[in-house]
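# Summary of the model geometry
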Amino acid sequence: MRKRLIVSAAAGALALLLSVPASAAQAGPGAAGIGDPYFPYAGNGGYDVSHYDIRLKYQPATDELEGTTTILATATQDLTRFNLDFVLQVKEVLVNGRPARFATSGEQELEITPARTIARGSAVTVVVRYADKPGEVERGGYSAWIRTPDGGVVANEPEGAAWWYPSNDHPTDKATFDVSVLVPNGTQAISNGTLTTSQRPGWTRYNYRQAKPQATYLATLAVGKFDIRQDTTPGGLPVITAYSPDLGVNAGAARASVERTGELTDWLSGVFGPYPFDSVGGYVPNVPTGYALETQNQIFYSPAQFARGSNTSVVVHELAHQWFGDSVSVQRWSEIWLNEGFARYSQWLWSEHENEGTGQELADFIYDLYPAGDPFWTVRPGDPGADRLFAGAVYDRGAIAIQALRNTVGDEKLFAILKGWQSERKYGNATIQQFQAYAERVSGKPLGELFNTWLYTPGKPAAGTSGIGGAPAVAASASAPAGSAGLAPGGAPGARPEPKSWKKIQETNTVHEHEHGQR
Ligand SMILES: [Zn+2]
């Protein structure tokens, strides 16, 4: 996770106000941001994208990327000018077939002035031709393009798209994608969705199709040497996995985890309802990063995720995001709990399934782990602030909130809520407030106090609130009894036994903390 856009939040909000068109009836420029309070310059105003056609040629040896991206959009106001989010060098822009003037501003704004004003409601086709060395393009000392010894990779949140294609870079403007990448023979390309390839002398073209709506940050691109495997689940869902041949000692653990993608997708489908996309998979490039990211259909894993052996828990986390984050996406970045709270809770459910600790045991363990004065309790998972979007509490306190919900409405209602929410909001965007309203409707219970306590109130809730952190239950299990005075074996007085899954779940965090955060 990166924080470049955060610094100018206050100034950005002002700039947004100034750039709002005088009235809907009057033609004017589209706003430089879509209106996200955390990231004022993310996305743009004035149009809505339905499809990206991204056609690329990449030379791994020199990092030269040539591209033509065609964007299909509809104007949502009369537009004299509009912006795309992009950082590479642009050669030419066409709007509805006519050359358009373009200029850059801010950190990632490509301002496009079409030859003719675009009428509200009309279809717009934008063609952007570009060429650059993306690994050398930095903003605020940062490049989203990770160079590898054999190519490059882009997988980042909340932004990364601007390093390989121009876009309306915000989760509320989802679109379908065709990504076509021409690479020298012996090199492979990875992106989202189903795959076909074609040959020409010396070169191979990789064509990826994302036929379901996808947020811009969930599009990924990797070029390099990969062993690509294609299979299907017993239910007929195509599975694509890919591994760099240079994963070294992590190679076995990476495959032993990611090759279980089909099985884990089937298991999660039982929890959240039908898998929402046309294929599923994951790839492990030879990157030095530590995080994983839920890039749609095709999950990005850093080799470091498997440095301490196989980890199905991280695969479950990223797969759960295919429902919570990818199919149902945040309306604003402040709603990040809708992604991370549920992805973390899915790890707890997997732990339960594997008999390595229940959701209640994990919730109670975390509750006891952080004393009342610990900074952990200062983060409000329901509105953490842009600089704490991926703070540990968004995940762990966020998952406790779901356990608290489970304790309040019961198992049957909780799982009805999870499935029903996915079905009702499929391919859309949502807020926490809407989730609360939905949970109240399904359960028939008022939940305002529960959401307020666990998501919006700083500080450690009192022990026993919503069934979390009360007196330790008799014992977690007969083999690990709490002592007569609540003394866990080897623990401090009152401490609970550590759930068996705890370390694996933690490993999905700790590798992040040396980087920029967790996803
Ligand atoms: Zn996550």
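The coordinates are above.
Since we're looking at a predicted model, the values are computed, not measured.

It is worth spelling out helix H3 (residues 261–272) at this point. With 12 residues, H3 ought to run about 16 Å at 1.5 Å a step, and its terminal C-alpha atoms sit 16 Å apart, in line with that. The buried fraction of H3 amounts to nine of the 12 residues, a majority that puts the element mostly inside the structure. When H3 is considered as a whole, its buried residues turn out to be Thr261, Gly262, Leu264, Thr265, Trp267, Leu268, Ser269, Val271 and Phe272. Looking one or two places after H3, you find Gly273, whose phi comes out positive at around 100 degrees.

In this section: the nonpolar core. Counting residues in each nonpolar core, the largest one holds 84 residues, and the members touching the most others are Tyr301, Trp337, Trp348, Phe435, Phe451 and Trp454. The greatest single-element share of this core, amounting to 10 residues, is contributed by helix H7 (residues 392–409). If near-sequence neighbours (up to four positions away) are discounted, Tyr301 is found in contact with Val258, Gly282, Tyr283, Val284, Pro285, Tyr291, Ala292, Phe306, Val314, Val315 and Glu318.

The next point concerns the sheet that holds strand E19 (residues 280–284). With respect to topology, five strands assemble into an open sheet ordered E17-E18-E19-E21-E20, the strand pairing being mixed. For this open sheet the edge positions go to strand E17 (227–232) and strand E20 (292–293), each flanked by a neighbour on one side alone. Inspection of the sheet shows E17 paired to strand E18 (residues 238–243) by six bridges, in the antiparallel sense. Note on E18: the bridge partner recorded for Arg229 is Thr241. Relative to strand E21 (residues 298–301), helix H4 (residues 312–323) is tilted by about 140 degrees, and along the sheet it contacts E19, E20 and E21.

This paragraph deals with the environment of Gly448. Mapped onto the secondary structure, Gly448 falls in helix H10 (residues 448–456). A relative accessible area of 31% means that Gly448 is categorised as partly exposed. Separated by 15 residues in the primary sequence, Gly448 and Gln433 place their C-alpha atoms 9.4 Å from one another. The residues contacting Gly448, other than those within four sequence positions of it, are Gln436 and Glu440.

Turning next to helix H8 (residues 411–425). Helix length check: H8 (15 residues) gives 21 Å between terminal C-alpha atoms against 21 Å at 1.5 Å per residue, within 8%. Listed as buried for H8 are Leu414, Ile417, Leu418, Gly420, Trp421 and Gln422. Looking at the buried positions of H8, the neighbouring elements they touch are H3, H4, helix H5 (337–353), H7, strand E23 (429–430) and helix H9 (432–443). Immediately downstream of H8, the backbone of Tyr427 shows phi near 65 degrees, a positive value.

So, how was this worked out
Residues numbered from 1 in each chain as written. Predicted model: local features only at pLDDT ≥ 70, side-chain atom pairs only at ≥ 80, totals over all residues. Heavy atoms only, no water. Helix = DSSP H or I, 4+ residues; strand = E, 2+ residues; numbered from the N terminus. Expected span 1.5 Å × (residues − 1). Buried < 20%, exposed > 50% of the residue type's maximum accessible area, 1.4 Å probe, protein only. Core = buried A, V, L, I, M, F, W, Y, C linked by side-chain atoms within 4.5 Å. Contact = heavy atoms within 4.5 Å. Pairing = 2+ DSSP bridges. Axes fitted to C-alpha atoms, helices over the stretch in contact; angles between N-to-C directions.

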